[in-house]
Protein chains: 2
Amino acid sequence: MAPAQTLASADRRIDILKSAAAAFRRRGYHGASVDEIASALEMTKGNLYYYFRNKEEILYACHEYSLDVLLALLDDVRADGSTPDQKLRRLILAFVHLLLDELQATALTIDLQALSPPLLDKIIARRDAFDRGLREIIQQGMDAGTFAAGNPKMVGFAVMGAVNWITKWYDPAGPMTSEAIGQAFADYLVGGLTRMPALPTPTAPAAR
Amino acid sequence: MAPAQTLASADRRIDILKSAAAAFRRRGYHGASVDEIASALEMTKGNLYYYFRNKEEILYACHEYSLDVLLALLDDVRADGSTPDQKLRRLILAFVHLLLDELQATALTIDLQALSPPLLDKIIARRDAFDRGLREIIQQGMDAGTFAAGNPKMVGFAVMGAVNWITKWYDPAGPMTSEAIGQAFADYLVGGLTRMPALPTPTAPAAR
DNA sequence: CGCAGCGTTGAACGCTTGTTCAACGCTGTG
DNA sequence: CACAGCGTTGAACAAGCGTTCAACGCTGCG
């Protein structure tokens, strides 16, 4: 009986979100047409309005879905008892993996500002929560001396930028797997690029 | 006599590009209307077509202009005789400055893919040239042992992502000046975040 | 079999937006 | 003063797109 059944309504909604996310990434919110989103699923555009009130709601649901996934990840990482650098590394690895393999390479990249204020505010609040969580980890690393001193807000923005930007150049058919990209980014963003020139270690390093 | 003269044609074109760049950044290429671009300059949209053949050409000119500026910067940095880490630092500082203070915070961020193939290819070729130049500097630093070994392509993408992403959160009225942002980014992206745990400096050159 | 309702269709509408174009004012020149 | 031409206007057009809606088929239930 189960196989005879067509896709359940909830699944269908997710299909639509995936198709929409891919279309929004390629063409932008305004550039992607409702018809384009529907055609990719071999349904008519009128049918989309059975599942969503309008195009804006689809965009909103895309962001909501991405944030569900990312905030769950953040909670996970926060809860594990490891050191800040391990947390940050794990966060970056998982973020890249989710972004490329689960979220159609479109998490926070698509035109937020296309949303009208009431919806926009809700998304921004959650995105800020993610940013704060990221900064907190960075701050802890700086406090512990594991990370070089600096402005955790700027570092957080830099990390988010580096990772989100992947969606602009990532090619699934390219030479780098999402796994390899994650490793390379974690190495650079956590481990640092410049080798400290025999830095006179500040007395008793808490690190290690 | 000179002041009586209205703006010369070439200046007017640049005004249009600035207005368009700002509009494209806020709403995206498809989201920004030609009328919106014109109104900001207190001209009618019909008038825009005296200066540009169509909307696409405006987008193209925006990218062309940004690339002119950035490639000139790259040449400059390449030519100075400093070490790779100094070059990278200078490149990031100047990039941030140009991006925020000169280019309406919209260099490579606006929908490239909205361009049709012939124009698109020309832009991509130049953008790739910039990427290659950046990677070359990074590679030199790795060869020299100044930078930790790694994949220069990935590091280059990470740097570009971090910097270009600034346009998504930058607020001219915010607490951080473009100068301060540049410094913070250069510190992190060049200097590295994690303190090397008393790494045994490999005495010898490139190796490893 | 008949009924109900979910999921779907496809045509139609109305609005927005990119683009065109004939006409106009202004300025400097002969 | 007449003329030429650059820069500008504003109305008009055509196409695309988001959205609506009445009608239809199918499936499972009574």
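Before any of the text, the structure's been laid out above.
Because the structure is a prediction, the values reported are computed rather than measured. (Residues numbered from 1 in each chain as written. Chains lettered and ligands numbered in written order. Predicted model: local features only at pLDDT ≥ 70, side-chain atom pairs only at ≥ 80, totals over all residues. Heavy atoms only, no water.)

K.L.:
Account for the overall build of chain A, naming residues and giving values.
P.N.:
Looking only at helices and strands, chain A features eight helices and zero strands. Helices and strands in chain A line up, N terminus first, as α-α-α-α-α-α-α-α. When the 208 residues of chain A are sorted by exposure, 48% land in the buried category. Contacts in chain A between residues far apart in sequence, at least 24 positions, make up 67% of those at least 6 positions apart. (Helix = DSSP H or I, 4+ residues; strand = E, 2+ residues; numbered from the N terminus. Buried < 20%, exposed > 50% of the residue type's maximum accessible area, 1.4 Å probe, protein only. Contact = heavy atoms within 4.5 Å.)

K.L.:
Before we move on, could you go through the pattern of salt bridges and cite the residues and values that matter?
P.N.:
Within this structure, the stated rule accounts for 20 salt bridges over all chains. Here A:Glu136 makes a salt bridge to A:Arg78, at a shortest N to O gap of 3.2 Å. Placement of A:Glu136 in helix α6 (residues 117–144) and of A:Arg78 in helix α4 (residues 55–79) is noted, with a sequence separation of 58 residues between them. With a relative accessible area of 34%, A:Arg78 lands in the partly exposed category. The salt bridge involving B:Asp187 is made with B:Arg89; its shortest N-O contact spans 3.0 Å. Of the two residues, B:Asp187 sits in helix α8 (residues 178–191) while B:Arg89 sits in helix α5 (residues 84–102), which places them 98 residues apart along the sequence. Accessibility expressed as a relative area gives 43% for B:Asp187, which makes it partly exposed. (Salt bridge = Lys/Arg side-chain N within 4 Å of Asp/Glu carboxyl O.)

K.L.:
Tell me about the relation of the copies chain B and chain A, and please be specific about residues and values.
P.N.:
With an RMSD of 0.0 Å, the fit of chain B onto chain A corresponds to turning through 180 degrees and sliding 0.0 Å along the axis. Within this description, the copies of the chain are treated as partners about a two-fold rotation axis. Distance from the rotation axis, computed per C-alpha, reaches its smallest value in chain B at B:Gly192: 1.7 Å. A shared interface surface links the copies, since 98% of the contact residues of chain B are contact residues in chain A too. (Least-squares fit on C-alpha atoms with pLDDT ≥ 70 in both.)

K.L.:
If you had to explain the protein's contact with DNA strand D to someone new, which residues and values would you point to?
P.N.:
Around DNA strand D, a shell composed of 15 residues is seen, among which A:Tyr49, A:Lys55, B:Arg12, B:Tyr50 and B:Tyr51 lie nearest. The sugar and phosphate moieties of DNA strand D supply 68% of its atoms located within 4 Å of the protein. With respect to DNA strand D, the side chain of B:Thr44 contributes an N or O atom lying 3.3 Å from a phosphate oxygen. Of all the elements in the fold, those that place two or more residues in the surface near DNA strand D are α3 (45–51) of chain A together with α1 (9–27) and α3 (45–51) of chain B. Looking at the surface near DNA strand D element by element, the count peaks at four residues for α3(B). Each residue belonging to the surface near DNA strand D can be placed in one class, and the counts come to five nonpolar, seven polar and three charged. (Near = heavy atom within 4 Å. Polar contact = N/O pair within 3.5 Å; in protein donor to acceptor, adjacent residues only side chain to side chain. Nonpolar A, V, L, I, M, F, W, Y, C, P; charged D, E, K, R; others polar.)

K.L.:
So what about the interface of chain B and chain A? Which residues, and what values?
P.N.:
How large an interface is tends to be reported as the accessible area lost when its parts come together. Tallying the contact residues gives 46 residues for chain B and 46 residues for chain A. Summing both sides of the interface, chain B and chain A together bury roughly 4000 Å²; the carbon and sulfur share of this comes to 65%. At the boundary of chain B with chain A, the tally comes to zero salt bridges. Taken together, chain B and chain A are joined by six residue pairs in polar contact (both at pLDDT 80 or more). Taken together, the elements giving at least two residues each to the side of chain B that touches chain A come down to α1, α7 (152–169) and α8 of chain B. (Buried area = accessible area lost by both parts, 1.4 Å probe.)

K.L.:
Which residues make up α7(B), and what are the values?
P.N.:
All names here are of chain B. Spanning 18 residues, α7 covers 26 Å between terminal C-alpha atoms, matching the ideal 26 Å at 1.5 Å per step. The buried fraction of α7 is high, at 16 of 18 residues. Its side-chain oxygen at 2.9 Å from the backbone nitrogen of Lys153, Asn151 defines the N-terminal cap of α7. (Expected span 1.5 Å × (residues − 1).)

K.L.:
Give me the lowdown on the protein's contact with DNA strand C, citing residues and values where you can.
P.N.:
Around DNA strand C, the structure places 15 residues, and the nearest of them are A:Arg12, A:Tyr50, A:Tyr51, B:Val34 and B:Tyr49. Near-protein atoms of DNA strand C (within 4 Å) split between backbone and bases, with sugar and phosphate holding 69%. In this structure, a phosphate oxygen belonging to DNA strand C sits 3.3 Å away from a side-chain N or O atom of A:Thr44. Between DNA strand C and B:Lys55, the relevant distance is 2.8 Å, taken from a phosphate oxygen to a side-chain nitrogen or oxygen of the residue.

K.L.:
I'd love a proper account of the environment of B:Glu36, names of residues and values included.
P.N.:
All names here are of chain B. Its place among the elements puts Glu36 in helix α2 (residues 34–39). Under the relative-accessibility criterion, Glu36 is labelled buried at 18%. Between the alpha carbons of Glu36 and Ala20 there is a distance of 8.5 Å; along the sequence they are 16 residues apart. Setting aside residues no more than four positions away along its own chain, Glu36 makes contact with Ala23, Arg26, Arg27 and Gly31.

K.L.:
Break down the nonpolar core for me, citing the residues and quoting the values.
P.N.:
Within the largest apolar cluster, 137 residues are counted, with the highest numbers of intra-cluster contacts made by A:Phe24, A:Ile92, A:Phe185, B:Phe24, B:Ile92 and B:Phe185. Once you skip the residues sitting within four places of it in the chain, B:Phe185 turns out to touch A:Met154, A:Phe157, A:Ala158, B:Ile92, B:Ala162, B:Val163, B:Ile166, B:Trp169 and B:Val190. (Core = buried A, V, L, I, M, F, W, Y, C linked by side-chain atoms within 4.5 Å.)

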